[in-house]
Structure formats: C-alpha cells, structure tokens
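Close look at the chain arrangement
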Amino acid sequence: MTRPRISARISAISESATLAVDAKAKAMKAAGRPVIGFGAGEPDFPTPEYIVEAAVEACRNPRFHKYTPAGGLPELKQAVADKTLRDSGYRVDAAQILITNGGKQAVYEAFATLLDPGDEVVVIAPYWTTYPEAIKLAGGVQVEVVTDETTGYLASVEQLEAARTERTKVLLFVSPSNPTGAVYSPEQVEAIGRWAAEHDLWVVTDEIYEHLTYGGATFASIATAVPELGDKVVVLNGVAKTYAMTGWRVGWLIGPKDVVKAATNLHSHATSNVSNVAQIAALAAVSGDLSAVTTMREAFDRRRQTMVRMLNDIPGVLCPEPKGAFYAYPSVKELLGKEFAGRRPQTSAELAELILEEAEVALVPGEAFGTPGYFRLSYALGDDDLVEGVGRVAKFLGQTQ
C-alpha cells in the first residue's frame, strides 16, 4: 500500500485566503494589470524612522549577532510588560511573556499549549482565517457562534452559552475584530468575561488592534475588565498593526507562568529566538509614545468613513460601520444569483473572483472567514486607491440584471 506523501494533519491546512488574494493581485499587477487590492491587512505607512534607526544600530552590535534567550530578549519582555500596564491596565511581569515570530506564531503556540485532542474552543464568526487552522493543528475542535450585520457582528452571552458543552475549554475573544471591525463595549466585555469565569473557561484574547478604534468606541481588555478570570487568560498581541511593522515579525503571548514556560519550551524547538534586530526594533516601538499610531488612526478613520459610505451606496450591499481595526465587512447576499458580465455567481467567492477578473479589484470573500455572503475590504491603503477601487466595484455591480 502506498502511503500518502503529505501527512493528514498538514494536508488539512488551508492556504491563508487573505495572503492568497494579495498574492494573486500582486501577480496581476506585475503582469501589467492595474489591480487594486483590498486583501491584505497591512498599513500603507512606513515603519517610523526611530524604530528603523534602532534596528540599524542593533545590526552593528555584536551581542545581537549571536543566539539570545529563546523566549525573547529580557529588555523587550520587560518593555512589553510595561506597555501592557500602560495601555490596558493589566499588570504582568517579564516571566509571563513569550516573544514570538509575529502574531500568528503566538496564536498557534497558545492553542498548542492549552488544547488536548477533542477540547472545544468557542470561536465567534466571522473569524480571522488563521484561528481555525491553529486550533485544528492543536487537536482542538472549533465551535462557531455565528454573528451577522444585524448585530454589528457582536455575539451575546446567550449565544456563547448555547455553544458551550462539557468539552468547552477555551473562549477565543477578539475586539477590535478582524475581519469585521466590531468592537465590544466595556460593558459587553465584562459580561462575556464574567460568563467565562463562571464556567471556569480559559480566554484567549487577541488584542493586536487595541489602538485602532473610532467614533467613540473604546478598547477594553477582558483581562483587566474581569479580574476573576485570574490565571486563565492568554493575551496575544504584537507590533505589526500599531506601528506599521507587518514585515518585522514580532508578536508576543502573555499568560500565567506555567503556560508561558510550556509555550517557551515549544518555541525553543520550533524557531528559537526571534531575530534580534527585529526584537530591538520592537523594543523601540513599545517603549516610545503612540504618536505614530495617532497619525495612522486619523487616516484610517477618514478612509473608513469614505469606504462605508461608498459601499452602502451600492444597491444590494449592506455595510455596518466598523468601529475598529481597518476592515469593512459588507453583506453582498442580495447580489448572489444575479447576472454580472454574463455570469450568475452563486457565492461570494464566485462574485469576488468575477470582480477581480472584470473590475481588477481584489477582495476577500466571506467564505474565508466562516460566513459566506460577505466581502472583507481593508481600508489600510491610500485614499486615491480606495476611492478608485470601491468606485470600480460600484460600477461593476451596478450592471446587475
């Protein structure tokens, strides 16, 4: 009998849909087509100069030419602890922090450390594409709580309770949310945290968009809002979104010491230390002020309002106003089955493919985020491209029959 060449575990992993859309858009651009991409969640700003200069200096320091502790540079771990207290009021020490190769590695290592086969994780949909794959690789079972535009993509305690079983171990909580931009109010965060504490659940909370909220919405860390969760909270974060450092690949995991020690053991065999130069850049970022993110947030807010207005002007498209991150998540369910350019797309994935081919605009379909019938559009791109891109989509969708 011939054995499969690829393991079943790895064969089951899906390609990142957001990166796949971005790659296809870039390939079409390289071939000379004027594609505008709304796929990747990546600020269009350069990394602030003081951060770059810190990295340049690190390159010259022989200390950073060698291995350093697998769990992260001690000075960066302390700086992350200080930043966490400053930004969310959550007090931790350096021994509770693991520095990772970007936020994705923090996600994977959190679930790999917490889950045994069959353990259930309650995941609110729409969800970021990486979460299901990390849970699956860890042997966990994802239990979805589906939200939609009627509630602004916010889940209620009642919905979460309906999903809970005797096998539920973890609640994955994300606010502000990728892909919807939903932000839970401090009162909602507290209610959900108290529910998790009441049922002795772990909470894994992804806070990477903590500084990107708009229109009066405020970020609240569930770890701070509900102290009775105690040592059953794992916080995921990183420098990518706040400081326009997506390519530097520095994230972190914060948790109780036994979890961080176990995750660090895994990390030591998976990758060892994160690049020292990138860690020093991250140290400069988290130790500095937030003036860079203030400038970006103002631009994102302007683009957010423009995008939502333009999308809601398209017949058959309904886009709730996102309160955080840099994504809009419009419903296009009313457009499915209608004729465009001689075709009748039946799914949002088919419609997104048609828009890419005919209007030369790259969008990520809702199938990637667990809720077909939607698109995700990032507004972390230039104002002119945003208006041109959404304008092309509007013109194309206006041809419906």
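Residues numbered from 1 in each chain as written. Predicted model: local features only at pLDDT ≥ 70, side-chain atom pairs only at ≥ 80, totals over all residues. Heavy atoms only, no water.

1. Observations concerning the sheet that holds strand β2 (residues 97-100)
Across the sheet, which stays open at both edges, the seven strands sit in the order β2-β8-β7-β6-β5-β3-β4 with mixed pairing between neighbours. Each edge of the open sheet is held by one strand with a lone partner, namely β2 and β4 (141-146). Pairs of neighbouring strands in the sheet enclose a mean axial angle of 20°, with direction left out of account. In terms of strand pairing, strand β5 (residues 168-174) meets strand β6 (residues 202-206) through five bridges, oriented parallel. Its bridge partner being in β6, F173 is matched across the sheet by T205. Packing against the sheet, helix α4 (residues 74-88) makes contact with β2, β7 (233-238) and β8 (251-254), and its axis sits at approximately 110° to β2. (Pairing = 2+ DSSP bridges. Helix = DSSP H or I, 4+ residues; strand = E, 2+ residues; numbered from the N terminus. Axes fitted to C-alpha atoms, helices over the stretch in contact; angles between N-to-C directions. Contact = heavy atoms within 4.5 Å.)

2. Comments concerning empty space enclosed by the protein
All told, the structure shown has four cavities of 30 Å³ or more when counted by the stated rule. Computed from the structure, the largest cavity encloses a volume of approximately 120 Å³. The set of elements that each furnish at least two residues to the lining of the largest cavity consists of β3 (120-125) and β5. The class makeup of the residues in the lining of the largest cavity is 10 nonpolar, three polar and no charged. Computed from the structure, the second largest cavity encloses a volume of approximately 40 Å³. Going through the elements one at a time, β12 (375-378) and α14 (383-397) are the ones with two or more residues in the lining of the second largest cavity. Considered class by class, the residues forming the lining of the second largest cavity number 10 nonpolar, no polar and no charged. (1 Å grid on protein atoms, 1.4 Å probe; cavity = no way out; pocket = protein on both sides within 12 Å on 5 of 7 lines; lining within 4 Å. Points joined across faces, edges and corners; volume = space filled by probe spheres on them. Nonpolar A, V, L, I, M, F, W, Y, C, P; charged D, E, K, R; others polar.)

3. Describing the nonpolar core
If you look at the biggest cluster of nonpolar residues, it comprises 64 residues, and the most contacted ones within it are L76, L160 and V239. Looking at which element gives the most residues to this core, the answer is helix α11 (residues 276-287), with seven residues. Excluding residues within four positions of it along the chain, L160 makes contact with V122, I124, V145, A155, L171, I192 and W195. Counting residues in each nonpolar core, the second largest holds 42 residues, with Y214, V293, L311 and Y327 among its members. (Core = buried A, V, L, I, M, F, W, Y, C linked by side-chain atoms within 4.5 Å. Buried < 20%, exposed > 50% of the residue type's maximum accessible area, 1.4 Å probe, protein only.)

4. Concerning the pairing of β8
Alternating residues of β8 divide into G251 and L253 and W252 and I254, and every residue in both groups is buried. As paired strands, β2 and β8 are joined by four bridges and run antiparallel to one another. Bridge assignment links I99 to a residue of β8, and that residue is W252. One ladder, built from four bridges, connects β7 with β8; its direction is antiparallel. Its bridge partner being in β8, L236 is matched across the sheet by L253.

5. Structural notes on the pattern of salt bridges
Evaluation of the coordinates by the stated rule reveals 22 salt bridges. Here R303 and D44 are joined by a salt bridge, their closest N and O atoms 2.9 Å apart. Taken together, the residues R303 in helix α12 (residues 291-312) and D44 in the loop between β1 (36-37) and α3 (49-60) connect sequence positions 259 residues apart. Of the residues examined, R303 reaches a relative accessible area of 4% and is grouped as buried. Assessed through its relative accessible area of 37%, D44 is described here as partly exposed. Residues E210 and K83 are paired through a salt bridge, measuring 2.6 Å at the closest nitrogen-oxygen approach. Placement of E210 in the loop between β6 and α9 (222-225) and of K83 in helix α4 is noted, with a sequence separation of 127 residues between them. On the basis of relative accessibility, which here comes to 5%, the residue K83 falls in the buried class. Each of D44, R302, R303 and D383 takes part in a single network of salt bridges with overlapping partners. (Salt bridge = Lys/Arg side-chain N within 4 Å of Asp/Glu carboxyl O.)

6. A few points about the sheet that holds strand β9 (residues 327-328)
Strand pairs in the sheet, formed through backbone hydrogen bonds, run parallel or antiparallel to each other. One open sheet holds the three strands; their spatial order is β9-β12-β11, and the pairing between them is antiparallel. On the outer flanks of this sheet lie β9 and β11 (364-365), each paired with one strand and no other. For β11 and β12, the ladder comprises two bridges, and the chain directions are antiparallel. Looking across to β12, one finds that P365 is bridged to F375. Of the strands in this sheet, β11 and β12 are in contact with helix α13 (residues 348-359), which crosses β12 at around 45°.

7. What about the packing of α3 against α11?
Where α3 meets α11, the axes come as close as 8 Å, and the angle between the chain directions of the two elements is 145°. α3 and α11 meet at a crossing whose hand is right-handed. The residues of α11 that touch α3, namely those facing Y50, I51, A54, A55, A58 and C59, are V277, I280, A281, A284 and A285. Looking at the contact of α3 with α11 residue by residue, the class counts come to 11 nonpolar, no polar and no charged. (Left-handed = near helix turned anticlockwise from the far one by under 90°.)

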